[in-house]
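# Architecture and fold: a report
Here is how the chains run, residue by residue.
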Amino acid sequence: MASLREFLLKKGYKRIKLKYTETDHFAVQARINGIEGRFILDTGASSTCVDFSRVKYFNLFAKNSDVKAAGAGATNMLTKVSEDNKLKIGEWSKDNASVVVFDLSHVNIALTDHDAEEVDGIIGADILKKGRAVIDYKQKALYLK
(Lines give C-alpha, C1' and ligand atoms only; values in the text may rest on other atoms or scores of the structure.)
Protein backbone atom coordinates (compact mmCIF):
# COMPACT_ATOMS: atom_id res chain seq x y z
CA MET A 1 0.00 0.00 0.00
CA ALA A 2 1.39 3.39 -1.02
CA SER A 3 1.74 6.17 1.54
CA LEU A 4 -0.26 9.36 1.14
CA ARG A 5 2.96 11.12 0.11
CA GLU A 6 3.78 8.55 -2.59
CA PHE A 7 0.20 8.55 -3.87
CA LEU A 8 -0.04 12.35 -4.16
CA LEU A 9 3.41 12.79 -5.69
CA LYS A 10 2.48 10.20 -8.36
CA LYS A 11 -0.65 12.25 -9.06
CA GLY A 12 1.48 15.35 -9.76
CA TYR A 13 1.13 17.15 -6.45
CA LYS A 14 3.95 19.27 -5.05
CA ARG A 15 4.90 18.71 -1.39
CA ILE A 16 5.52 21.72 0.85
CA LYS A 17 6.83 21.35 4.39
CA LEU A 18 4.86 23.15 7.09
CA LYS A 19 5.92 24.32 10.55
CA TYR A 20 3.72 24.62 13.61
CA THR A 21 3.74 28.02 15.28
CA GLU A 22 3.53 28.50 19.04
CA THR A 23 -0.21 29.14 18.48
CA ASP A 24 -0.68 25.75 16.75
CA HIS A 25 -1.17 27.29 13.32
CA PHE A 26 0.75 26.05 10.32
CA ALA A 27 3.27 28.55 8.94
CA VAL A 28 4.66 28.35 5.43
CA GLN A 29 7.20 30.27 3.39
CA ALA A 30 5.78 31.62 0.14
CA ARG A 31 6.84 34.07 -2.55
CA ILE A 32 4.70 36.83 -3.96
CA ASN A 33 6.15 38.43 -7.07
CA GLY A 34 9.47 36.74 -6.31
CA ILE A 35 9.72 38.10 -2.73
CA GLU A 36 9.74 35.60 0.13
CA GLY A 37 7.49 35.99 3.13
CA ARG A 38 6.10 34.12 6.10
CA PHE A 39 2.43 33.17 6.02
CA ILE A 40 -0.11 31.35 8.14
CA LEU A 41 -2.06 28.62 6.38
CA ASP A 42 -5.71 29.28 7.20
CA THR A 43 -8.43 27.04 5.74
CA GLY A 44 -11.04 29.30 7.37
CA ALA A 45 -9.85 32.45 5.60
CA SER A 46 -11.70 32.85 2.31
CA SER A 47 -8.93 34.90 0.68
CA THR A 48 -5.16 35.08 0.66
CA CYS A 49 -4.14 38.27 2.44
CA VAL A 50 -1.13 40.50 2.99
CA ASP A 51 -0.71 43.21 5.62
CA PHE A 52 -0.91 46.86 4.47
CA SER A 53 2.65 47.39 5.69
CA ARG A 54 3.95 44.80 3.18
CA VAL A 55 2.49 46.25 -0.06
CA LYS A 56 5.75 47.77 -1.27
CA TYR A 57 7.81 44.83 -0.02
CA PHE A 58 5.86 42.40 -2.23
CA ASN A 59 5.58 44.87 -5.15
CA LEU A 60 1.79 44.85 -4.99
CA PHE A 61 -0.41 47.25 -6.92
CA ALA A 62 -3.32 47.57 -4.50
CA LYS A 63 -6.53 49.30 -5.46
CA ASN A 64 -9.46 50.21 -3.25
CA SER A 65 -12.10 47.57 -2.61
CA ASP A 66 -15.67 47.78 -1.34
CA VAL A 67 -15.23 44.50 0.49
CA LYS A 68 -14.94 44.68 4.27
CA ALA A 69 -12.81 42.07 6.01
CA ALA A 70 -13.58 40.25 9.24
CA GLY A 71 -11.80 37.60 11.22
CA ALA A 72 -9.68 36.76 14.24
CA GLY A 73 -11.70 39.09 16.45
CA ALA A 74 -11.69 42.07 14.09
CA THR A 75 -14.61 43.14 11.90
CA ASN A 76 -15.56 45.68 9.22
CA MET A 77 -11.95 46.41 8.21
CA LEU A 78 -11.17 48.33 5.04
CA THR A 79 -9.45 46.34 2.33
CA LYS A 80 -7.63 46.80 -0.93
CA VAL A 81 -7.09 44.19 -3.61
CA SER A 82 -4.03 43.45 -5.71
CA GLU A 83 -4.53 41.36 -8.83
CA ASP A 84 -2.24 39.66 -11.33
CA ASN A 85 0.43 38.57 -8.85
CA LYS A 86 2.70 35.53 -9.05
CA LEU A 87 2.37 33.34 -5.98
CA LYS A 88 4.80 30.49 -5.33
CA ILE A 89 4.69 28.03 -2.45
CA GLY A 90 7.53 25.54 -2.65
CA GLU A 91 7.59 24.25 -6.23
CA TRP A 92 3.90 25.07 -6.81
CA SER A 93 3.03 28.38 -8.42
CA LYS A 94 -0.01 30.35 -9.54
CA ASP A 95 0.03 33.27 -11.97
CA ASN A 96 -2.68 35.93 -11.86
CA ALA A 97 -3.23 35.45 -8.12
CA SER A 98 -5.35 38.02 -6.31
CA VAL A 99 -4.31 39.15 -2.85
CA VAL A 100 -6.49 41.05 -0.38
CA VAL A 101 -4.59 43.76 1.48
CA PHE A 102 -5.71 44.85 4.93
CA ASP A 103 -4.51 45.52 8.46
CA LEU A 104 -3.26 42.26 9.97
CA SER A 105 -1.87 43.87 13.11
CA HIS A 106 -4.51 42.07 15.24
CA VAL A 107 -3.19 38.74 13.92
CA ASN A 108 0.43 39.66 14.62
CA ILE A 109 -0.40 40.95 18.10
CA ALA A 110 -2.07 37.61 18.88
CA LEU A 111 0.98 35.76 17.57
CA THR A 112 3.55 37.84 19.46
CA ASP A 113 1.45 37.60 22.64
CA HIS A 114 2.14 33.85 22.41
CA ASP A 115 5.85 34.30 21.60
CA ALA A 116 5.27 33.38 17.95
CA GLU A 117 6.87 35.16 14.99
CA GLU A 118 4.87 37.75 13.08
CA VAL A 119 3.61 36.91 9.60
CA ASP A 120 3.41 38.88 6.37
CA GLY A 121 0.05 37.41 5.49
CA ILE A 122 -2.33 34.49 5.27
CA ILE A 123 -2.67 31.79 2.63
CA GLY A 124 -6.42 31.31 2.40
CA ALA A 125 -8.97 28.92 0.95
CA ASP A 126 -8.89 30.62 -2.47
CA ILE A 127 -5.35 29.35 -3.12
CA LEU A 128 -5.97 26.05 -1.34
CA LYS A 129 -8.96 25.38 -3.63
CA LYS A 130 -7.05 26.36 -6.77
CA GLY A 131 -4.23 24.02 -5.78
CA ARG A 132 -6.61 21.21 -4.77
CA ALA A 133 -4.86 21.20 -1.40
CA VAL A 134 -4.34 18.18 0.78
CA ILE A 135 -3.00 18.83 4.27
CA ASP A 136 -1.19 16.01 6.06
CA TYR A 137 -1.32 17.10 9.68
CA LYS A 138 0.70 14.18 10.99
CA GLN A 139 3.62 14.72 8.58
CA LYS A 140 3.25 18.53 8.63
CA ALA A 141 2.97 18.78 4.85
CA LEU A 142 0.84 20.62 2.32
CA TYR A 143 0.28 19.14 -1.11
CA LEU A 144 -0.78 21.35 -4.03
CA LYS A 145 -1.48 20.42 -7.65
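This structure is a prediction, so every number in the text was calculated from the model and none was measured. Here the residue index of a chain counts from 1 through its sequence in written order. Reporting of local features is limited, given that this is a predicted model, to residues whose pLDDT is at least 70; pairs of side-chain atoms are given and counted only at 80 or more, and all residues count toward the totals for whole chains, interfaces and linings. Here the side-chain values reflect all heavy atoms present in the structure, with hydrogen atoms and water set aside.

## Side note on the sheet that holds strand 11 (residues 141-144)
Inclusion rule: Any two strands are treated as partners once DSSP identifies two or more bridges connecting them. Secondary structure is summarised from DSSP: a helix means a run of H or I of at least four residues, a strand means a run of E of at least two, and numbering begins at the N terminus for each. Angles here are taken between N-to-C directions and fall from 0 to 180 degrees, while the axes themselves are lines fitted to C-alpha atoms, restricted in helices to the stretch in contact.
Spatially, 1-11-10 is the arrangement adopted by the 3 strands of the open sheet, whose pairing is antiparallel. Edge positions in the open sheet fall to strand 1 (14-17) and strand 10 (134-136), since each of these has one partner strand only. Here the average twist between neighbouring strands, direction ignored, is 25 degrees. Note: strand 1 against strand 11, 4 bridges, orientation antiparallel. Looking at the pairing, K17 lines up with A141 of strand 11.

## Focus on the side chain of T21
Put simply, the test is: Burial status follows relative accessibility: with a 1.4 Å probe on protein chains alone, a residue under 20% of its type maximum counts as buried, one over 50% as exposed, and anything between as partly exposed. Residues adjacent in sequence count toward polar contacts only when both atoms are side-chain atoms; beyond that, a polar contact is any pair of N or O atoms within 3.5 Å, and within protein one must be able to donate a hydrogen and the other to accept it. Contact criterion: two residues are considered in contact whenever any of their non-hydrogen atoms come within 4.5 Å of each other.
Summarising the element assignment, T21 is placed in the loop between strand 2 (19-20) and strand 3 (26-32). Here T21 falls in the buried class, since its relative accessible area comes to 6%. Reaching out from T21, the side chain makes a polar contact with the side chain of T23 at a distance of 2.7 Å. Sequence-distant contacts of T21, that is, excluding residues within four places in its chain, are made with A27 and R38.

## Quick look at the nonpolar core
The condition that has to hold: What makes a nonpolar core is a set of buried Ala, Val, Leu, Ile, Met, Phe, Trp, Tyr and Cys residues whose side-chain atoms join them at distances within 4.5 Å.
If you look at the biggest cluster of nonpolar residues, it comprises 23 residues, and the most contacted ones within it are I32, F39, L87, I89 and I123. Among the secondary structure elements, those contributing two or more residues to this core are strand 3, strand 4 (35-41), strand 7 (74-89), strand 8 (92-102), helix 3 (125-130) and strand 11. Residues I40, A45, F102 and A116 belong to the second largest nonpolar core, which totals 11 residues.

## A few points about the pairing of strand 3
For strand 3, the buried fraction is high: 5 of the 7 residues fall into the buried class. In terms of strand pairing, strand 2 meets strand 3 through 2 bridges, oriented antiparallel. Each residue of the ladder has a partner; that of K19, found in strand 3, is A27. Linking strand 2 to strand 3, which pair antiparallel, is a turn of 5 residues; within it D24 sits at a positive phi near 65 degrees. Relative to strand 4, strand 3 runs antiparallel, the two sharing 7 bridges. Bridge assignment links V28 to a residue of strand 4, and that residue is F39. Here strand 3 hands over to strand 4 after 2 residues, with N33 in that stretch at a positive phi of 55 degrees.

From the geometry alone we can't say anything about function, so treat these as descriptive.
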